[in-house]
Amino acid sequence: MTRILVIEDETEIASFLRRGLSLEGYQVDVAFDGTRGLELASTGTYDLIVLDLMLPGVDGLEVARRLRADSNVPIIMLTARDAVRDRVAGLEAGADDYLVKPFAFEELLARIRAQLRRRQSGQAQDVLRFANLTLDMRSRELRVGDRRVELTAKEYDLLELFMRHPNQVLTRDIIYDRVWNYDFGGESNILEVYVRYLRQKLEANGEPRLIHTVRSVGYILREDT
C-alpha cells in the first residue's frame, strides 16, 4: 500500500486530508509540526509527503531541506502564499510541487498521482547515459567520466529531464512544467540559474559543453561535432 505522510498544523485540514486520502486507498500518517514530521519521515518509509509551509517550530522550508539531505521522496508543499518568490523558495528547498490554499481535493489527488507516476517511471530505468555522463537512478548519483558529482534535488531533476530527451530541443515552458510544475514565464530566471549550476559542475575539469542554449526557445543536450 502506498504510504503518505501529511505534515500540517491545521487540525481541520489534516483530518480532511487523512480521511480523503485514506478513502482513496492510501495509508496516511499525520504530523502536526515540523519536528514530529521529521521524526516520522526518518523512521518510516513513505512514498510521498504533503508538507505545509507555515509550521510551528521547524517550518516547511527547513523540513524540506532536511528531507532532501538524504531522501528523494516526492514532496508536495501546501501554503497560503501565492507570490512567485514564495513558490521559488519552496521549490528550491526541495519541494517537487506546490499547491496554494484553499485547494480542491481533486487537484491535490491529481498532483499526488502525477508525482507517484513520475517516481515509478524513474525507478523503471536504473541508469541513464549520454556522452561522458552516467546518471544512476537508484542512488541519484552522477558521474562525469570517472568523476563523481554531487547534485541538488532540482539539479538532478533538470539533468534527468535532459538525459531522458537527448538531442531534443526542450522549450522553457516544457522544462518549467516538467521540473517545477509551474509556468514561471518571464517572472523568474530560475531556469537560467540552474542551467548555469549544471554547466559549472559538468565542465569543472574542462569537459566539453553538453547543455546548449537554443536562443529564444530553450535548451538541448547534445555533443558538438
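Above: the structure in question.
What counts and how
Residues numbered from 1 in each chain as written. Predicted model: local features only at pLDDT ≥ 70, side-chain atom pairs only at ≥ 80, totals over all residues. Heavy atoms only, no water. Buried < 20%, exposed > 50% of the residue type's maximum accessible area, 1.4 Å probe, protein only. Helix = DSSP H or I, 4+ residues; strand = E, 2+ residues; numbered from the N terminus. Arc of directions from axis to C-beta. Contact = heavy atoms within 4.5 Å. Polar contact = N/O pair within 3.5 Å; in protein donor to acceptor, adjacent residues only side chain to side chain. Axes fitted to C-alpha atoms, helices over the stretch in contact; angles between N-to-C directions. Parallel < 35°, antiparallel > 145°, perpendicular 65-115°, else oblique. Nonpolar A, V, L, I, M, F, W, Y, C, P; charged D, E, K, R; others polar.

*Asks:* Help me out: how do you make sense of helix 2 (residues 34-43) in this one?
*Replies:* Of the positions making up helix 2, those classed as buried are Gly34, Gly37, Leu38, Leu40 and Ala41. Across the axial projection of helix 2, the buried residues extend over an arc of 165°, all falling on one side. Those residues of helix 2 that are exposed and angled more than 90 degrees off the buried face are Ser42 and Thr43. On its buried face, helix 2 sits against strand 1 (3-7), strand 2 (27-31), strand 3 (48-52) and helix 3 (60-70). The N-capping residue of helix 2, defined by a side-chain oxygen 3.1 Å from the backbone nitrogen of threonine 35, is aspartate 33.

*Asks:* What is the right way to read helix 4 (residues 84-93) from this model?
*Replies:* Within an α-helix, residues lying three or four positions from one another point in the same direction, as the helix has 3.6 residues per turn. With seven of its ten residues buried, helix 4 lies for the most part within the structure. Residues Val84, Asp86, Arg87, Val88, Gly90, Leu91 and Ala93 constitute the buried set of helix 4. Positive backbone phi, approximately 130°, marks glycine 94, located one or two places after helix 4.

*Asks:* Help me out: how do you make sense of the packing of helix 6 (residues 153-164) against helix 8 (residues 190-202) in this one?
*Replies:* Any two packed helices are characterised by how steeply their axes cross, that is the angle between the axes, and by the distance between the axes. Where helix 6 contacts helix 8, the axes come no closer than 10 Å and their chain directions differ by 85°. Looking at the two axes, helix 6 sits roughly perpendicular to helix 8. Taking contact as the criterion, the partners of Lys154, Glu155, Leu158 and Leu159 in helix 6 are, on helix 8, Leu191, Tyr194, Val195, Tyr197, Leu198, Lys201 and Leu202. The residue inventory of the contact of helix 6 with helix 8, partitioned by class, reads eight nonpolar, no polar and three charged.

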